[in-house]
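Okay, here's what each chain looks like letter by letter:
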Amino acid sequence: MLKMPSNLDKSFFGAVTCIALSVAAGSAVAATPFQTDVSTAIDRGIEWLANQGVYNNPSTLGINGASGLAMQALLEKRASGNASDPPQGYTGASATDQGRLRTSAAYILDAVNESGFYAYRDGQWMFALSGYALTGGPDKSVLAPANADYQTIKQAMDAMVDRTLANQRKAPAFANAIDQGYWCYTNSGCEDSSTTQFAAAGLEAARTFYKSNKVGDAPYADPARVALIDTALALVKQAYELNALNGSDYGVGANANCQVLNATERGHGYSAQSYRPSLQQTASGIYIQLFGGADVNSPMVQNYMQWVRNRYRYTDLDSLGNSWPGASWSYYLWSSFKAMELMRQAGIATAAGNLSPDSFGTLAAAGAPLCNVRQENKTPAAVARPASFGAGGVGFYSAETKSQYFDYASQILSLQCFDGSLPINGNDGFFGCNSSPGAWENTSHQAYQLLVLQRSTGNVVQRCDIDADGDVDSADLSLIRAAVGQVPGAGDPRDATLDGKITINDVRACTLQCTRANCATS
């Protein structure tokens, strides 16, 4: 938790602010061609979702639809494709996007009590509503002041958190530690890794919400629920440690060389003990362990990273996705990138001999340990610009470096249509695009890929609002400047450039985010 000085200096202004403004204006880094195309792809994708009515009437997605994922994609939209640009959240959004976010939030506040616990839905609603609230989104008093069916943000978060905690597998109903920690779809009746990752991600965002001193229609701070969430996420971490398996779901006949690649790698399947490890579930298992208190150097995190590194892919899952190699592709992209991005933001140095967040894709495709479907990082200079983004042949993206992000983002760009859609098994070439691997349905498929382009971790905080008073002003700049040289934890709002440390560049970036004229305090 971020510690604040007891007396905040609200008088910081004058020469320091003027210098910061002028330095920031003069230090803007021009976007690379790739970053420009990423920004275009995000804008197109958001508009496609809007044109489908996702933000106009979220109820059309159904009570168990992907409205939270679509809302999260809107919250995570950035000013450009540059990694240093913070998510827009609510305060930084355009008037149009703010209207879309209010509609989405109002739908959640109305719908929370219309049914009971559902892990997929409650998880995504928790992280979307938390991000909306913590970045300045208005509460029930603005959204629906006279409607008794609507809850306040705090009431809605409390309801979802409480029923999520109540439906976790734990003692005394489940006496054995290996059977604890998971969530099923609507109860604790199974050990489903997919529903568990949504429940855990929602609780992680809720923990940030409850640590905040921001106030909507009621104060968000709730130390008692923070403690309960801490316990629940530690139990999930334990589950992914105890149920870690060697081997793979892809290991028969000619493909047996992808079965066991080294003695220490471990993974996780769709359902604990019932399925062999898969790419998407092993990847989500990494960040679930991080939520429970692990870090890049934790032994089981390293074991999971080995499993994914040894079978790394980006074009599809081939046969490394249990029974759903196509339907889970975009889901895998987000879960695997989110895990590594959380580590980067945490700023914890990788111990000698351990894998780092940048290790995926570094093994030669035909190298040891041999797995015939493994892919290695793309060479940016050998990648052509997709036709839907304009002219530019091979080498157009040569300013980029090899990375997991380039692999994923360039693959998504190559599939997106002129209209912003990411079609599933159809429309090849008709709209200047190509078919994506299959998916459950279009909204989540679209949102997952936008979240990858946005480098999303699923836990939006108001970057630069250090004193959590709902604005960015000279008091916040003063707090960031006082912390220059420190190494923050993941999600620290002082690290506006997301480079894992606090520097003068964070002061400059936050100066551009000021929400008051001349960055004044009042």
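Residues numbered from 1 in each chain as written. Predicted model: local features only at pLDDT ≥ 70, side-chain atom pairs only at ≥ 80, totals over all residues. Heavy atoms only, no water.

Quick look at the overall build of the protein
Of the regular secondary structure elements, the protein holds 16 helices and zero strands. Burial status across the protein gives 59% buried among its 522 residues. Working note: accessible area of the protein is about 18700 Å², and carbon and sulfur atoms make up 53% of it. (Helix = DSSP H or I, 4+ residues; strand = E, 2+ residues; numbered from the N terminus. Buried < 20%, exposed > 50% of the residue type's maximum accessible area, 1.4 Å probe, protein only. Areas by Shrake-Rupley, 256 points an atom, 1.4 Å probe, with all protein chains shown as cover.)

Digging into the packing of helix 12 (residues 329–346) against helix 13 (residues 404–415)
Remark: helix 12 packs on helix 13, axes separated minimally by 10 Å, with the N-to-C direction vectors making an angle of 150 degrees. The orientation of helix 12 with respect to helix 13, classified from their angle, is roughly antiparallel. The element helix 12 and its partner helix 13 pack so that their crossing is left-handed. The residues of helix 13 that touch helix 12, namely those facing Trp329, Tyr332, Leu333, Ser336, Phe337, Met340 and Arg344, are Gln404, Tyr405, Tyr408, Gln411, Ile412 and Leu415. Counted by class, the contact of helix 12 with helix 13 contains nine nonpolar, three polar and one charged residues. (Axes fitted to C-alpha atoms, helices over the stretch in contact; angles between N-to-C directions. Parallel < 35°, antiparallel > 145°, perpendicular 65-115°, else oblique. Left-handed = near helix turned anticlockwise from the far one by under 90°. Contact = heavy atoms within 4.5 Å. Nonpolar A, V, L, I, M, F, W, Y, C, P; charged D, E, K, R; others polar.)

Here's the deal with the environment of Asn243
Here Asn243 shows up in the loop between helix 9 (223–242) and helix 10 (279–291). Expressed as a C-alpha distance, the spacing of Asn243 and Ile178, which sit 65 residues apart in the sequence, is 6.6 Å. Excluding its chain neighbours within four sequence positions, the residues that come into contact with Asn243 are Ile178, Tyr182, Gly267, His268, Ala272 and Gln273.

Observations regarding the state of the cysteines
Considering all chains together, one arrives at two disulfides under this definition. Here Cys258 connects covalently by a disulfide to Cys371, the sulfurs 2.1 Å from one another. When the S-S torsion is 100 degrees, as for the bridge of Cys258 with Cys371, the disulfide is right-handed. Here Cys258, found in the loop between helix 9 and helix 10, pairs with Cys371, found in the loop between helix 12 and helix 13; they are 113 residues apart in sequence, far enough to count as distant. By relative accessible area, Cys371 is classed as buried at 0%. (Disulfide = S-S within 2.5 Å.)

Describing empty space enclosed by the protein
This structure, assessed with the given rule, holds two cavities of 30 Å³ or more. Roughly 40 Å³ of volume is contained in the second largest cavity. If you go around the second largest cavity, the residues you meet are Val38, Ile42, Arg78, Ser80, Gly81, Asn82, Ala83, Leu453, Gln454 and Arg455. The residue inventory of the lining of the second largest cavity, partitioned by class, reads four nonpolar, four polar and two charged. (1 Å grid on protein atoms, 1.4 Å probe; cavity = no way out; pocket = protein on both sides within 12 Å on 5 of 7 lines; lining within 4 Å. Points joined across faces, edges and corners; volume = space filled by probe spheres on them.)

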